[in-house]
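# A closer look at the structure
Below, each chain spelled out in residue letters.
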Amino acid sequence: MTKTLSVRDLSSDTFSKTVRLIVPSLPFAGLFVSAVGVLVWAAGALPEGGTGFLIFALASLAALFAHSLFSAAMYRAVLVSDVGALRSAWTLTRAWILVMVVASIGVTIIVLFFSLIGASLGVASSETGQEITDMTAQMRAGGTFWPLFTLFIATLLGLFWFATRLMLFAAASAVRGQVHVFRAWFWTKGAFLRLAPLMLGFVGLPIAILMSVGRALLERPESPLETGVYAALMMLILLPSAWLGHGFAASVYARLAPEVQVDES
């Protein structure tokens, strides 16, 4: 298995794999779109209290599993896997839960960090709606705006670096039948500079474009039912970005993932 990453070869293989994975994943795409619509509808329609929370939690797990079925179907269409579809989806669901826990901890630390900086600088507002303006003015006056802005941009770049380094966990978990979050992290070591522009081109840019198209085409929802339909239609519009992103991840996985060891088979 080659460890070289040619931008031209990766791009060509990404489009090739994307075309191959669309049809096998279509039934699961419909299931995922429907699950998202139901979940968003439930968020606004369910009553408050323990019962409503339990139903929403179950709907969230069902939506995550539907996403895993959709994702696993795409990976299994273009990568070699001896794992059954249900096991593949369940393993991927557990991997996503682990990633979300790690990401939540990281985001919480970042939010607390910047909140403490704001509190220590005494930035505050006496009028509603003026928080951002007053905070910016106070930081400019104190000479702290640009250092903090630079730190904020560095934090965003760090998050992008983290996402790029972790991009193979889903493909690995789906086709190998074991959670590969931390193991897949090492596979992308030293490849960030080559993967980053492709990550933006095949993942970030399509999502941004299709979301803009969706917002332009869809009317603003008002009722919980309309909100659920809006979310489902938005996911339907975003499907091409999912196909392209999975094609890219599968192409990188085929080049960087080590051979399956005996204890992983």
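Scroll up for the structure.
Here's a quick rundown of the structure. All values reported here derive from a predicted model rather than from experimental measurement. (Residues numbered from 1 in each chain as written. Predicted model: local features only at pLDDT ≥ 70, side-chain atom pairs only at ≥ 80, totals over all residues. Heavy atoms only, no water.)

### Considerations on the overall build of the protein
Assigned secondary structure in the protein consists of 9 helices and 0 strands. Going residue by residue from the N terminus, the α and β elements of the protein occur as α-α-α-α-α-α-α-α-α. Across the 265 residues that make up the protein, the buried fraction comes to 38%. The contacts in the protein between residues at least 6 apart in sequence include a share of 76% that link residues at least 24 apart. (Helix = DSSP H or I, 4+ residues; strand = E, 2+ residues; numbered from the N terminus. Buried < 20%, exposed > 50% of the residue type's maximum accessible area, 1.4 Å probe, protein only. Contact = heavy atoms within 4.5 Å.)

### Describing the pattern of salt bridges
As enumerated under the stated definition, the model contains 2 salt bridges in all. Here Asp13 makes a salt bridge to Arg255, at a shortest N to O gap of 3.0 Å. Separated by 242 residues along the polypeptide, Asp13 in helix H1 (residues 7–45) and Arg255 in helix H9 (residues 224–256) bring together distant segments of the chain. The pair Asp13 / Arg255 is uniform in exposure class, with both members buried. What emerges from the salt-bridge pattern is a single network uniting Asp13, Lys17 and Arg255. (Salt bridge = Lys/Arg side-chain N within 4 Å of Asp/Glu carboxyl O.)

### A closer look at the environment of Val7
Turning to its location among the elements, Val7 is positioned in helix H1. Separated by 191 residues in sequence, Val7 and Leu198 have C-alpha atoms that sit 7.7 Å apart.

### Overview of the nonpolar core
Formed by 46 residues in total, the largest nonpolar core has its most connected members in Tyr75, Leu195 and Tyr253. Listed by contribution, the elements that provide at least two residues to this core are H1, helix H2 (50–78), helix H3 (85–120), helix H6 (169–176), helix H7 (181–185), helix H8 (192–217) and H9. With sequence-adjacent residues up to four places away left out, Tyr75 is seen in contact with Ala170, Ala171, Ala174, Val175, His246, Ala249 and Ala250. Counting residues in hydrophobic clusters, the runner-up holds 5 residues, among them Leu39, Ala59, Ala63 and Ala66. (Core = buried A, V, L, I, M, F, W, Y, C linked by side-chain atoms within 4.5 Å.)

### Here we look at H6
Counted residue by residue, H6 has 8 buried out of 8 residues, so it is predominantly covered. Along H6, the positions that sit buried rather than exposed are Phe169, Ala170, Ala171, Ala172, Ser173, Ala174, Val175 and Arg176. One or two positions beyond H6, positive phi appears at Gly177, with a value near 75°.

### Structural notes on the packing of aromatic side chains
Taken as a whole and assessed by the stated rule, the structure comprises 8 aromatic pairs. Note on Trp96 and Phe169: the rings are 5.0 Å apart at their centroids and 80° apart in plane angle, and the pair reads as edge-to-face. Taken together, the residues span a long stretch of sequence, with Trp96 in helix H3 and Phe169 in helix H6 at a distance of 73 residues. Trp96 sits in the partly exposed class, given a relative accessible area of 25%. Between Phe202 and Phe248 the ring centres are 5.4 Å apart and the planes differ by 35°, which places this aromatic pair in the tilted class. Of this pair, Phe202 sits in helix H8 while Phe248 sits in helix H9, placing them 46 residues apart in sequence. Taken individually, Phe202 and Phe248 each receive the classification buried, so the pair is uniform in this respect. Sitting over the face of the ring of Trp185, Arg165 holds its NZ or CZ atom 4.3 Å from the ring centroid. (Phe/Tyr/Trp six-rings, centres within 6.5 Å; stacked < 30°, edge-to-face > 60°. Lys NZ or Arg CZ within 6 Å of the ring centre and 35° of its normal.)

Taken by themselves, the reported measurements are silent on function.
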